[in-house]
Structure formats: C-alpha cells, structure tokens
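Read off the chains here:
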Amino acid sequence: NDTTSLNEISSPNTPKLYPNLIDGRTHPKITLLSRRIGQLEIYSIDGRLAYQQNLQQGTNVIPLSLEAMQNGVYIYKVWVDEELKTTERLVRVD
C-alpha cells in the first residue's frame, strides 16, 4: 500500500499516520502549517531509531521504505517546532 497519508486530523497541530498497519513501502504525507518545521522519527519497540526525516512548511511526501525493517511494532513520533505533537504505534507487516 503506497497511499498511506499523514493528516492533521484532531487539530491543526496533531498529525496522525493512517493506517497504522503498513507493508514495506508507503508514502506518508505530512502537512505543516505556515512557518513551521518538524521531524518524523520511527523507533523500534526496543527504542532504536529506525528512520528520521526532516519536515518543512507545506505538504511533505515521504518516500518511506520499510523493507529493511523486520515485521513488528514500531513507534512513530512527529515533532513540530521542537514540540512533540504525536506518538503512536505502527505495525510493519508483509
């Protein structure tokens, strides 16, 4: 599935990754409001940083390839202007 989207759903400052069950390739989209910068981080369940991507103002399309990651549970975090906005689980499956 390569149509996964990250949308600011709950409020303009709270992006979410949907669905949270993903296969090896996905292209999440994160939209940051004007004059904002951010970062997407994905951690393995044991706390190791598995992926990191800087985010800029506007819509960020992230060519996320998880094929090198093992199946399992990961935690993703979205930071906006150095403030943690979202921490959620995502599950990597084949």
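In this text the structure is predicted, and so the values were computed from the model without any measurement.

Conventions and cut-offs
- Residues numbered from 1 in each chain as written.
- Predicted model: local features only at pLDDT ≥ 70, side-chain atom pairs only at ≥ 80, totals over all residues.
- Heavy atoms only, no water.
- Helix = DSSP H or I, 4+ residues; strand = E, 2+ residues; numbered from the N terminus.
- Contact = heavy atoms within 4.5 Å.
- 1 Å grid on protein atoms, 1.4 Å probe; cavity = no way out; pocket = protein on both sides within 12 Å on 5 of 7 lines; lining within 4 Å.
- Points joined across faces, edges and corners; volume = space filled by probe spheres on them.
- Nonpolar A, V, L, I, M, F, W, Y, C, P; charged D, E, K, R; others polar.
- Salt bridge = Lys/Arg side-chain N within 4 Å of Asp/Glu carboxyl O.
- Buried < 20%, exposed > 50% of the residue type's maximum accessible area, 1.4 Å probe, protein only.
- Pairing = 2+ DSSP bridges.

Take the overall build of the chain next. The helix and strand tally for the chain stands at zero helices and eleven strands. At a minimum sequence separation of 6, the contacts of the chain that also span at least 24 residues come to 50%.

The computed volume of the largest pocket comes to approximately 180 Å³. In terms of lining, the largest pocket is formed by Ser44, Ile45, Asp46, Arg48, Leu49, Ala50, Met69, Gln70, Val73 and Tyr74. Residue assignment for the lining of the largest pocket shows that the elements contributing at least two residues are β7 (49-55) and β10 (72-80). For the lining of the largest pocket, the per-class residue count stands at six nonpolar, two polar and two charged.

Below, the discussion takes up the environment of Leu84. Relative to the helices and strands, Leu84 resides in strand β11 (residues 83-92). Sequence separation between Leu84 and Gln39 is 45 residues, and the spatial gap between their C-alpha atoms is 9.3 Å. Look past the residues within four positions of Leu84 in its chain and what remains in contact with it is Lys77, Val78 and Trp79.

To continue, consider the pattern of salt bridges. Two side chains that carry opposite charge are able to pair once their charged atoms sit near each other. In the structure shown here, the tally under the stated rule is three salt bridges. Two residues, Asp81 and Arg36, come together in a salt bridge whose shortest N-O distance is 3.3 Å. Separated by 45 residues along the polypeptide, Asp81 in the loop between β10 and β11 and Arg36 in the loop between β5 (29-32) and β6 (38-44) bring together distant segments of the chain. For Asp81, a relative accessible area of 36% gives the class partly exposed. For the salt bridge of Glu83 with Lys85, the shortest nitrogen-to-oxygen distance reads 3.3 Å. Residue Glu83 is classed as partly exposed on the basis of its relative accessible area, which comes to 46%.

Turning next to the pairing of β5. Here β5 shows a buried face lined by Ile30 and Leu32 and an unburied face lined by Lys29 and Thr31. With four bridges connecting them, β5 and strand β8 (residues 58-61) associate as antiparallel partners. Considered in β8, the bridge of Ile30 is made with Asn60.

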